[in-house]
Amino acid sequence: MNICPLCNGLCKVTVYCNHCQQPMQDQGKITDYFDDYSPYMDINMMKLVDGYPHTLANHECVHLFYCPYCKQEEVRFIKE
């Protein structure tokens, strides 16, 4: 079983905004924003509908990063 190091607090990743070069904030998995119950659904099942066809096979967790300075959002693939 693979686990996401960010979701499980095993490490921190600093992502810098491509627009203003300031550090971005990790907002968690993008699938958590689908509806009220999606954060409680099976992670591997949610990867089948996350909009990225290879996240389950590649063992990747798709995280949303947000820049509080210029309000940009960016998606990053985190290796599990």
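The structure contained in this document is the topic of the report that follows. (Residues numbered from 1 in each chain as written. Predicted model: local features only at pLDDT ≥ 70, side-chain atom pairs only at ≥ 80, totals over all residues. Heavy atoms only, no water.)

**So, a nonpolar patch on the surface**
On the surface, Phe34, Tyr37, Tyr40, Met41, Met45, Leu48, Val49 and Leu56 cluster together into a nonpolar patch covering about 890 Å² of accessible area. Here Met41 is to be found in the loop between strand 1 (25-29) and helix 1 (43-47). (Patch = residues over 30% accessible without salt bridge, like charges linked within 9 Å, V, L, I, M, F, W, Y side chains within 5 Å. Areas by Shrake-Rupley, 256 points an atom, 1.4 Å probe, with all protein chains shown as cover. Salt bridge = Lys/Arg side-chain N within 4 Å of Asp/Glu carboxyl O. Helix = DSSP H or I, 4+ residues; strand = E, 2+ residues; numbered from the N terminus.)

**Observations regarding the packing of aromatic side chains**
Centre distance and the angle of the planes are the two values used to describe a pair of aromatic rings. Evaluation of the coordinates by the stated rule reveals one aromatic pair. Here the aromatic rings of Tyr52 and Phe77 are separated by 5.0 Å at their centres, their planes lie at 90°, and the arrangement is edge-to-face. You can see Tyr52 sitting in the loop between helix 1 and helix 2 (55-58) and its partner Phe77 sitting in strand 3 (residues 73-79), a full 25 residues away along the chain. On the accessibility criterion, Tyr52 (29% relative accessible area) is partly exposed. Using a relative accessible area of 39% as the deciding quantity, one classes Phe77 as partly exposed. (Phe/Tyr/Trp six-rings, centres within 6.5 Å; stacked < 30°, edge-to-face > 60°. Buried < 20%, exposed > 50% of the residue type's maximum accessible area, 1.4 Å probe, protein only.)

**Quick notes on the pairing of strand 2 (residues 60-66)**
Within strand 2, six of the seven residues are buried, which leaves the element mostly enclosed by the surrounding structure. The pairing of strand 1 with strand 2 spans three bridges and is classified as antiparallel. Pairing of Asp26 across the sheet is with Phe65, part of strand 2. Between strand 2 and strand 3, which pair antiparallel one after the other, the connecting turn spans six residues, and Lys71 there sits at a positive phi close to 70°. (Pairing = 2+ DSSP bridges.)

**A closer look at the state of the cysteines**
Counted by the stated rule, this structure contains zero disulfides. Unpaired in this structure, Cys11 has its nearest cysteine sulfur neighbour in Cys4, at a distance of 7.6 Å. Note on Cys11: relative accessible area 33%, which makes it partly exposed. (Disulfide = S-S within 2.5 Å.)

**Things to note about the sheet that holds strand 3**
The strand order across the open sheet built from three strands is 1-2-3, with neighbouring strands paired in antiparallel fashion. Among the strands making up the open sheet, the edge pair consists of strand 1 and strand 3. Strand-to-strand twist of the sheet, defined as the mean angle between neighbouring strand axes without regard to direction, takes the value 35°. Sheet analysis places strand 2 next to strand 3, joined by seven bridges and oriented antiparallel. Note that in strand 3 the partner of His63 across the bridge is Arg76. (Axes fitted to C-alpha atoms, helices over the stretch in contact; angles between N-to-C directions.)

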